Each structure stands twice: as C-alpha cells, then as structure tokens.
Amino acid sequence: MSASHLGKTPLDIAKLRDAVRKRLPELLDTVRGKKGLILDPQLTGPLSLIAEISILKDHGVEKIYHLDDNILDTDCKNLIYICRPKLKYMKYIAAQIRKDRQDTSKRIEYSLFFVSQRTMLCERVLEEEGVLGDITLGEFAMEWIPFEDDLISMELDNSTWKELNLDGDTTAIHQAAKSLMKLQQIYGLFPRIIGKGDSAKALADMLIRMRREQAVVEEVSSSTSRQNPSLLNSLSTHIDQLVIIDRNVDLYTPLCTQLTYEGLIDEIFRIKHSFVELDPSLVGTAPAPGQSVSAQPAATPAGASAAVAAGKKKNYALNSGDKLFSQLCDLNFAVVGGLLNKIAKRINENYEERHQAKTMAQIRTFVGKLPDLQQEHQSLRTHTGIAEEIMSQTITDEFNRMLETQQNLVAGVDSNSEVDYIEELIDKQEPIVKVLRVLCLMSLVQGGLKAKVLEHFKREIIQTYGYEHIQTLYDLERLGLFNVRTSSNASRAAYANVRRTLRLIVNEVDEHNPADISYVYSGYAPLSVRLVQCAVQKISAGHAGGSVPGIGLLVNVVGGGSSGTIGSNQTASQNGGQDKTDKTTVTGWKGYEEILKLLPGAAVDEVQTVEAKNEREAKATAARAKRSLGSHHKKTTIVFFLGGCTFTEVSAIRFLAQQDEGVRDYLVATTQMINGSTLLESVIQSTPFDRGESVEQV
C-alpha cells in the first residue's frame, strides 16, 4: 500500500512505518531459502500497511497462510510464524508440528516470531506440548502502525479494554510503554506526562521506570552510548506533553452512535486497519468525461443491494491520500450530502471546459488535468455510494429512535421511554450487542439500574438470547457497566456534575460551522476530549461561575459561538481586545482537581527532567535533534488512548488542532480503533449459533 500521504508534518510519522518496514526483511532473511509465512489473522491488515507483497517475495516468501486450528498441508521446507503471544496460537502451532512429525519424509524448519515480545507462558505451553525444541523463537517489534500524520495505532486486539479491566491482564500496558518509549527514543523525552485513570497511572509509572532502566544500561555500556547517543537523555524539542486517557474513565463516548462521516462508516461497514469492505459496484472505474456527475445521496430503495450483481467485496483505503475523503471524514454526516453536491457541480464544470478548449495549448492544458479529474470523479462516485448506504439506515425510524434514546440518556433527560425501548429491542430479537449498548449506557449515566429493572432485563435477555449470557451479564457487572443503583446515588450525581461542569451537552450546535467539539455527536461533547481541553488548552483561572478555578469560563465559552481556543474571549477582553495568552504553556491538571475526583481512577501529572550528570551530553543530543527535525516547528501534544479510541474522538481532537492552528499540533495514538459494538463484543459470550452449530446440534 502506498504511504505517500504520510510524512508531511515536522514529526515525520513515516519514520515509524519505515522502522518496522526495515525490520521485516531482516526477520525473513534470518531463514535461508524459500519459505512459507503463517500470519496471525489480526496482523494481516497491519502488515499490509507496512510492506507490499513484492517485498515478501523478494525475500523468499513463496506462500502466505493464516494461522488457525486447521492443519496446514504445505510443501514449504521453512515455515515462519508471526503472531501475538496468545495461548491458542501456541496450541495451533504445536498441533501442526506434531502432524508434520508423522511424515518422516518431511524435514521442515520452524521459526516463531512474537509481536511484540515473547512470553514465558507461551514458551511453557510449547514445552508442555513437546515442540519447544523443534522451533526457533524470536521477536518482531511492531510498535506503531501510522494511519495518518496525526493518527497512529498499536492495532492490538479489540479485547484490550476487557483484558485490562476484567481479566487483570496488564500485557497491553507493558506493550504500550514499550511503544511510547520508542517515540521518546526518536523524538526525545516527553517533558510532561499527564493522564487520568488507574491504567494510565500504571502506564506512566512504567514509562518512567523504563527510562531509568535504560539510563542504567547506557551508563554500563558507556562506549556504545557515546557512539550512538540516545535522545532519552534530552527533552523533546518538538513534543510538549503526553496525555494518557484510560478508556475506563470515559465509557459514555464509545457507547454513543458516532455521527461523523468516518464514524458512521465504522458503525455500519466496520473500518479495519483503515480499510473498509465495499461492494464492487461502489468501487468501479471513472465515467467518461461526457457522463453527468450526480452526488446527492438519496435513500436506497428496498432490495436495491440485492439487485447488485453478486461479487466479492473490495477493500477501499480510507486515508488522506483520497483528497475527497480528507474533506469529508471529520464532518457531521448532516452536511456531507450538500458538500458532495457542490463537488459534483464543480467537476461537471471542469469537464465542460473541454468545449472551451480551441487552441492546441488549451487542449493540452485540459488533457493534463484529465487524470486528476477522473480520479476525483471516481472518488466522488465511491463516496456518494457510501453516503447513500449510510443514509438508507440513518433515515429509518429504528436508527433515529436509537439516537434519540442515547442523546436523552447522556443529556440526563428523565423518562421511562428508555426502558420501553430496550424491551422492544429484546422483543424484536435485535442483535444482543445493540441491546446491551443502550442498556449499559443507561446504567452508566444513571449510576446503575433499580434492582427490579435490572432483574427484569437479566431475565428477558437470558430467556431471549440464551443461557450463555449469564456469564456476559456477570462480566458486565464486574466491569461496572450493568449494576444495581445504590441508595447513595453517588455515581449518578458524579456524572451529572461532570456533565454540567464540563458542559458535555451543548443545545445549540451548528454542524455546518461548528464552534465546539460537540458537533461530532450533534450536541454531546466527548468527555475524553473535554479532559484533553482541560489539560492542554490554556484556561484562565479565578473566574466566577464555578467552584473550580477556570470552570466558569469553560461553561460560558464552550459552544457559545466562538471558534477560538477556550478562554480566548475572556483573555482578549482583558488585554484590550488582543489575545496575549501563551497557548503553548503547559499547566497539566492544575485547577481541575475537583473535577478529576468525580471520575474513576487516579490522576497523573509527572514532569520529566534530564539528570545533571547527563546535561552536557543532553545539550549535544538536543542540538542534533533540533537539526534533524528542523528549527521551525510547532509544539505537538500526543494524546494516547489506552483501551481504544473512536473515530469521532479523533475528529474532535482535529477540531482542537484547528483552534490551535499555528501554535499546537496533536498526534492521536491509541491501542486500537473501536466503537461501542466492538468494545462490547469482546465481553459477550458466543452462542451455539455464533459458533455455526445447527438447531439440531443445539
């Protein structure tokens, strides 16, 4: 896959891709001769963003397989496994090796590379299976997969949040720490690390500990460190801070339906590793210049999709390499149709220019424009088709009732209609993830459900969807998503206070010219991004209107029609109409301690400094870093989501970047991209029907 859309910012995110791209051929070359490559299915997509098939073939890969429980019949003499350290994969590999042993004519060399690190538990399973001596073990570091210049992902499994908060498996925290350390090695130390949530605290502590351990290693091998000085001995001249958001702090946002263009594509089509699967009819060839261009999304007639000739779905890349998509992705879907119409008219006008071309020079000019024009035309056709598919669902009563219910819940509207709606979903046997998404949101914002209501829904779900979901409901209860409301009602009061203090609900939203991040949910501002605003954007303290310094100003300005940074109106008025606030000043959580107490988990605010004994080396290293990055650049704030991030949160942070344009850039980093359905699917127990068993088998 081409990555020409990367590397256009001072951080040069393409460096991260190139680092992994360089390691893959080196890994393949450790095994001589022709070889077969067996991949963890969850790694196929990320690897396709790193290296093309041609690179694999150039380094001896003849065949590529997916790692599953099926015994592989191959004539390859060398097999290379690349997978995450999961126990089930170890059993699959052991079964394959034992099967090959039975054929004495086969002499196969096995190599296993763990992403990103090997574990003693996996080695023990291989030993117990009796195959550890038959396989060569190694590691393949794949820290970051860049999607955009402002978005990178570790692409871990969607079960990361569940593993951290239900299983007690902190592997993801260690992997995240190693990945963030890689950023520090490239760009220098984060001057400040702030965060919210218990997992965020554990990650920050591990980052600091890893840095100290690395300093000891470099001190011991002083000769090597002099030859290759590390940027870990100097503060970053480009990154001003790292903000860590534990997903557990804000579960409201992913449970709400995303309303940006890219967010709705994810909700309806599911975006996987920046690709979406589309019908071939939507990804066709560009029309001839004389063909009219139409782009007004309209409701797809019932059964229209069935009329499309059956064919295998095609992968379509969603990134800024598609110029039209880069214009649409962060918009509220309500304005997408109008913009597509304007673009269609402009393309038609550009095609009509061919009639005005009379001279050879004019004809040559038009012919030169034609390839780009045809590419834009094809992109328009694709996105018009996608928009039509989305609109065919967004105009339905079912979609709008779901949306209305969610918005009433997050807005704190007291009504019994939510209970009736959930009962209706269960009666219709809608997918259980759809039911639980609303049910969990209601439990969260209301501080739990009344005991009678909770027991009623438990009984209805188990009777309708199967006994397997006794475990599902128990797990949701342990995760705090499906609880009985306590008499103290503290949780409900906490959310209400946070909603009011941070003004999560904005009644007047202009989707065409948004003044606040709440446009991404048509009135609800993602709590996670509000916290980023508190931590990053300069807010003057000591203003009236709130018990916490600066909060009164936040409440007055957010969504109030100003497109400037929060606090800019007040500051400007105090300085004779000129905003003299230093927006690059980093103040951390100062002034927001009371708000943070209302949210679950610990607060983190650590300032990293360079040790005095390394000061001389640090100055030299910083000078080299400054030369390599360029002397003229804005500060960049990294926002890391531990447990997953939604596309609407990315859009909201991009909106903050527009507010801070010329002063600050943002880089969103995450363990993986999620939505409410993928978040809950990792918790939901599979049923016999999910496993493909027939009714008779059940």
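These figures come from a predicted structure and were not determined experimentally. (Residues numbered from 1 in each chain as written. Predicted model: local features only at pLDDT ≥ 70, side-chain atom pairs only at ≥ 80, totals over all residues. Heavy atoms only, no water.)

What the five strands build is an open sheet, ordered E2-E1-E3-E4-E5; its pairing is parallel. At either end of the open sheet lies a strand with only one pairing partner, and these are strand E2 (61-66) and strand E5 (135-139). Shown here is a sheet whose adjacent strand axes are inclined to one another by a mean of 20 degrees, direction ignored. Note that strand E4 (residues 109-114) and E5 share five bridges and pair parallel. The partner of leucine 112 across the bridge, within E5, is leucine 137. On the sheet, helix H1 (residues 14-28) packs against strand E1 (35-39), E2, strand E3 (78-83) and E4 and is oriented at approximately 145 degrees with respect to E3. (Pairing = 2+ DSSP bridges. Helix = DSSP H or I, 4+ residues; strand = E, 2+ residues; numbered from the N terminus. Axes fitted to C-alpha atoms, helices over the stretch in contact; angles between N-to-C directions. Contact = heavy atoms within 4.5 Å.)

This paragraph deals with the nonpolar core. Within the largest apolar cluster, 132 residues are counted, with the highest numbers of intra-cluster contacts made by Ile82 and Phe140. With 11 residues, the top contributor of residues to this core is helix H18 (residues 432-445). Not counting residues within four places of it along the chain, the set of residues in contact with isoleucine 82 comprises Leu24, Leu27, Leu37, Ile38, Leu39, Asp40, Leu43, Phe113, Val115 and Phe140. Formed by 35 residues, the second largest nonpolar core is a distinct cluster that contains Ile13, Met154, Leu189 and Ala669. (Core = buried A, V, L, I, M, F, W, Y, C linked by side-chain atoms within 4.5 Å. Buried < 20%, exposed > 50% of the residue type's maximum accessible area, 1.4 Å probe, protein only.)

Two numbers describe how helix H17 (residues 417-427) lies on H18: the axes approach to 9 Å, and their chain directions differ by 160 degrees. In terms of their interaxial angle, H17 and H18 are classed as roughly antiparallel. Handedness of the H17/H18 crossing: left-handed. Packed against H17, whose contacting residues are Glu418, Val419, Tyr421, Ile422, Leu425 and Ile426, the element H18 presents Lys434, Val435, Val438, Leu439 and Met442 at the interface. By residue class, the composition of the contact of H17 with H18 is nine nonpolar, no polar and two charged. (Parallel < 35°, antiparallel > 145°, perpendicular 65-115°, else oblique. Left-handed = near helix turned anticlockwise from the far one by under 90°. Nonpolar A, V, L, I, M, F, W, Y, C, P; charged D, E, K, R; others polar.)

Below, the discussion takes up the sheet that holds strand E13 (residues 635-642). Strand order in the open sheet made by the seven strands is E6-E7-E14-E13-E9-E8-E12, with mixed pairing throughout. Both edges of this open sheet fall to strand E6 (145-148) and strand E12 (603-607), since each of them pairs with a single strand only. Strand-to-strand twist across the sheet, computed as the mean angle between neighbouring axes with direction ignored, equals 20 degrees. Direction of pairing for strand E8 (residues 192-196) relative to strand E9 (residues 239-246): parallel, over a ladder of four bridges. Residue pairing across strands places glycine 195 opposite isoleucine 244, the latter belonging to E9. Running over the sheet, helix H7 (residues 171-187) touches strand E7 (151-153), E9 and E13 and is turned about 170 degrees from E13.

Our focus in this paragraph is the confidence of the model for the protein. With 79% of its residues at a pLDDT of 70 or more, the protein shows a mean pLDDT of 82. Across residues 289-310, where pLDDT falls below 50, the model places 37 contacts with residues more than four positions away in sequence or in other chains. Taken as a whole, residues 539-581 scores under 50 in pLDDT and shows 73 contacts with residues more than four places along the chain or in a different chain. (pLDDT = per-residue confidence, 0-100.)

With that settled, the discussion passes to the layout of surface pockets. Of the voids in this model, the second largest pocket is the one considered here, and its volume is about 690 Å³. Forming the boundary of the second largest pocket are 27 residues, of which Thr9, Asp149, Asp150, Arg654 and Ala657 lie nearest the centre. Elements with a contribution of two residues or more to the lining of the second largest pocket: helix H27 (647-659) and strand E14 (664-670). Residues belonging to the lining of the second largest pocket are distributed by class as follows: nine nonpolar, eight polar and 10 charged. (1 Å grid on protein atoms, 1.4 Å probe; cavity = no way out; pocket = protein on both sides within 12 Å on 5 of 7 lines; lining within 4 Å. Points joined across faces, edges and corners; volume = space filled by probe spheres on them.)

With the rule as written, the count across this model stands at 34 salt bridges. In this structure, lysine 91 and glutamate 129 form a salt bridge, with 3.6 Å as the shortest nitrogen-oxygen distance. Linking lysine 91 in helix H4 (residues 87-101) with glutamate 129 in the loop between helix H5 (120-128) and E5, this pair joins segments that are 38 residues apart in sequence. The exposure class assigned to glutamate 129 is partly exposed, which follows from its relative accessible area of 23%. Between lysine 458 and glutamate 455 there is a salt bridge, and its shortest N-O distance comes to 3.9 Å. Linking lysine 458 with glutamate 455, this pair stays in helix H19 (residues 451-465), spanning three residues, or about one helical turn. Overall, the relative accessible area of 42% leaves glutamate 455 in the partly exposed class. (Salt bridge = Lys/Arg side-chain N within 4 Å of Asp/Glu carboxyl O.)

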